[in-house]
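# Overview (structure and organization)
Letter by letter, the chains look like this.
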Amino acid sequence: MKLTACIITHNEADRIESCLRSVSFCDEILVVDSHSTDTTRQIASSLGARVIERDWPGYRSQKQFAIDSAGHDWVLCVDADERVTSELREEIEALRARGFPEHAGWSVPRITEYFGRFLRHGNTYPDRLIRLFDRRRGGWIGEEIHENTRVTGSVGRLTGHLEHFSYRSLTDHHNRMARYADLMAHALYARGKRCGLLKVLFNPQWRFLRGYFLRLGFLDGWRGLVFALVEANYVRRKYLGLYLLTKGLAP
């Protein structure tokens with residue numbers, strides 16, 4: 001049983017090499033690039049990846065195109081800012097040697113690096129995701145932003161971590177959350193969702209309380225506090241955008 005690693009990219013020259021080396025055990029590495037203006041494609045090609053350049057349709061659609069284009073039915077979906085740890089690699093290789101038995105897919109715990117340390121509490125951990133699956137029985141679903149995977153059949157659980165190096169700086173974190181919030185507001189509105197001021201006022205507070213206190217984000221020290229505050233601000237901006245759209249105004 002062979003395995004394809006599927007990765008989508010755009011201007012990831014500073015991170016793509018580490019990502020690709022972490023999935024070098026796969027039988028094929030496929031990179032779908034949305035017209036990077038740096039050396040992402042050249043680096044990927046030099047490391048043995050098959051590179052497809054394609055216009056950007058959205059996160060979900062691009063990831064679905066990647067698994068549809070894979071050379072093998074079993075796929076491992078990894079973002080350019082993620083790394084497969086040695087523990088996770090050993091688990092996946094053992095499953096591959098046995099023909100990926102029993103399940104249609106496998107979930108992995110993702111752990112996020114934040115200012116030099118990994119966050120082990122709060123809303124962000126363990127961020128368990130189905131990333132290893134049989135594409136004949138699953139795929140990418142949901143909105144173009146905050147997309148997810150779903151498989152038809154049982155799902156196993158792996159214990160090795162997928163490391164997430166998402167944010168280059170606090171400014172990068174803020175800017176990314178602002179972009180995601182705006183996209184989600186429009187996606188929710190397109191689905192018929194509407195909201196009043198109560199969600200704008202209280203949903204961000206609940207997100208902060210849940211992550212920082214109920215899910216023990218405070219145990220991650222000042223990093224946990226900063227992350228929880230930025231996350232709450234994302235929720236505020238998302239619902240404020242939806243509120244303005246509900247009022248017939250541009251957010």
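These numbers come from a predicted model, not from an experiment.

### Describing helix H4 (residues 86-97)
Taking 1.5 Å of rise per residue, the twelve residues of H4 would be expected to cover 16 Å, and the 16 Å separating its terminal C-alpha atoms lies within 8% of that figure. For H4, the set of buried residues is Leu-88, Ile-92, Leu-95 and Arg-96. Buried positions in H4, seen along its axis, are confined to an arc of 100 degrees and lie on one side of it. Opposite the packed face of H4, turned more than 90 degrees from it, sit the exposed residues Glu-90 and Ala-97. For H4, the secondary structure elements touched by its buried residues are strand S1 (3-9), strand S4 (74-77), strand S5 (82-84), strand S6 (105-114), strand S8 (127-134) and strand S12 (162-164).

### Things to note about the pairing of strand S3 (residues 50-53)
In this structure, strand S2 (residues 28-33) lies alongside S3, joined through four bridges in parallel fashion. Pairing of Val-32 across the sheet is with Ile-52, part of S3. Between the parallel pair S2 and S3, the chain is carried across by helix H2 (residues 40-46), and the sense of this crossover is right-handed.

### Side note on the environment of Lys-247
In this structure, Lys-247 sits in the segment after helix H7 (221-246). In the structure, Lys-247 is positioned 17 residues away from Val-230 in sequence and 26 Å away in space, judged by C-alpha atoms.

### Let's talk about the pattern of salt bridges
With the rule as written, the count across this model stands at 27 salt bridges. Of the charged contacts in the structure, one is a salt bridge between Arg-131 and Asp-79, with a shortest N-O distance of 3.8 Å. Here Asp-79 lies in the loop between S4 and S5 and Arg-131 lies in strand S8, a separation of 52 residues in the sequence. Residue classification places Asp-79 among the buried residues on the basis of a relative accessible area of 17%.

### Remarks on the packing of aromatic side chains
All told, the structure shown has 13 aromatic pairs when counted by the stated rule. Each ring, one from Phe-115 and one from Trp-222, has its centre 5.7 Å from the other, and the planes form 45 degrees; the classification is tilted. Linking Phe-115 in the loop between S6 and strand S7 (117-118) with Trp-222 in helix H7, this pair joins segments that are 107 residues apart in sequence. Aromatic side chains Tyr-212 and Phe-213 sit 5.0 Å apart centroid to centroid with 85 degrees between the ring planes, which places their arrangement in the edge-to-face category.

So, how was this worked out
- Residues numbered from 1 in each chain as written.
- Predicted model: local features only at pLDDT ≥ 70, side-chain atom pairs only at ≥ 80, totals over all residues.
- Heavy atoms only, no water.
- Helix = DSSP H or I, 4+ residues; strand = E, 2+ residues; numbered from the N terminus.
- Expected span 1.5 Å × (residues − 1).
- Buried < 20%, exposed > 50% of the residue type's maximum accessible area, 1.4 Å probe, protein only.
- Arc of directions from axis to C-beta.
- Contact = heavy atoms within 4.5 Å.
- Pairing = 2+ DSSP bridges.
- Right-handed = clockwise from strand over helix to strand, strands pointing away.
- Salt bridge = Lys/Arg side-chain N within 4 Å of Asp/Glu carboxyl O.
- Phe/Tyr/Trp six-rings, centres within 6.5 Å; stacked < 30°, edge-to-face > 60°.

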